[in-house]
Amino acid sequence: SSLASVTIGNGVTSIEMLAFSGCSSLTSIVIPNRVTSIANSAFRNCTSLTSVEIPDNVTEIGESVFNGCSSLASVIIGDGGISIADEAFSGCSSLTSVTVGSSVTNIVEAFYDSPISEFHCYAANPPELVYSPYAPFNPDKTKDKATLYVPIGSKTAYEDSKWSTYFKNIVEMN
C-alpha cells in the first residue's frame, strides 16, 4: 500500500488481475505501448491515482479495472479497438473528464456512478452502449450536466442513438 508510482517495463504485454489492487498510495502509472490488455480489477481501489492514459495498443479493459479509484479525475483511452467492460470506472467519484479513441466499440456500464462533466469520443460512429444490468452512464449525473464532444459530421448520429439518453449537450469538436 506504500507504492507511490509505477513504470511498467517495455516487455510487459498484459497487466494481470489484481496486479496493483489496493495500492492506496499509488499516484501515477505509466503503461507502455506494448501492453494489449488490462485484466479485471488490476488497479481496483488505488485511491490516490489521479489520472491514467491507456495506450493505443490496449484492446481489452477488464471489469472493475479502476473500480474504487476515488481520486481519479481524468482518463484517456487510446485508439485500440476496445470494449470498456462492466464497472471499469465504478466508484471513481472524482472522474470528470474522459477521452476515448476512435476505435472504441462498446461501453458496458463503465461510468454509471462517475460525475463526468466532459466526455470526448473520437469514434465517428457511436460506440454501442450496453446495459448490464445498469446503464453505461447515469443520466442524473450526465444528462443536463455534462457535454459530449464528438467528431465533426457525427453529431446527428449520436443524437439519434442511445447516447442522447445520457447527454443533452452534444458538441462537434475540431
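Residues numbered from 1 in each chain as written. Predicted model: local features only at pLDDT ≥ 70, side-chain atom pairs only at ≥ 80, totals over all residues. Heavy atoms only, no water.

Notes on unusual backbone geometry
Line of reasoning, step 1. Positive phi is not limited to glycine here, since Ser64 has a value of about 55°.
Line of reasoning, step 2. Position of Ser64 among the secondary structure elements: in the loop between strand 6 (60–61) and strand 7 (74–77).
Line of reasoning, step 3. Judged by relative accessible area, Ser64 falls into the buried class, the value being 9%.
Line of reasoning, step 4. Unusually for a residue other than glycine, Glu87 sits at a positive phi of about 55°.
Line of reasoning, step 5. Tracing the backbone shows Glu87 in the loop between strand 8 (83–84) and strand 9 (97–100). (Helix = DSSP H or I, 4+ residues; strand = E, 2+ residues; numbered from the N terminus. Buried < 20%, exposed > 50% of the residue type's maximum accessible area, 1.4 Å probe, protein only.)

Focus: the pairing of strand 7
Line of reasoning, step 1. Burial along strand 7 is one-sided: the face carrying Val75 and Ile77 is buried and the face carrying Ser74 and Ile76 is not.
Line of reasoning, step 2. Two strands pair when backbone bridges link them, and strand 5 (residues 51–54) and strand 7 are joined in this way by 4 bridges, in the parallel orientation. What sits directly across from Ser51, in strand 7, is Ser74. (Pairing = 2+ DSSP bridges.)

Considerations on the sheet that holds strand 7
Line of reasoning, step 1. Pairing within the open sheet is parallel, and its 6 strands lie in the order 5-7-9-11-13-14. Here the strands that pair on one side only, and so sit at the sheet edges, are strand 5 and strand 14 (169–173). Between one strand and the next, the sheet's axes are offset by a mean angle of 10°, whatever the strand orientation. (Axes fitted to C-alpha atoms, helices over the stretch in contact; angles between N-to-C directions.)

Some details on the packing of aromatic side chains
Line of reasoning, step 1. Under the definition given, this model contains 15 aromatic pairs.
Line of reasoning, step 2. Centre to centre, the rings of Phe119 and Phe137 are 5.2 Å apart; their planes meet at 90°, and the pair counts as edge-to-face. Of this pair, Phe119 sits in strand 11 (residues 118–121) while Phe137 sits in the loop between strand 12 (128–130) and helix 1 (139–142), and the two are 18 residues apart along the sequence. Each member of the pair, Phe119 as well as Phe137, is classed as buried. (Phe/Tyr/Trp six-rings, centres within 6.5 Å; stacked < 30°, edge-to-face > 60°.)

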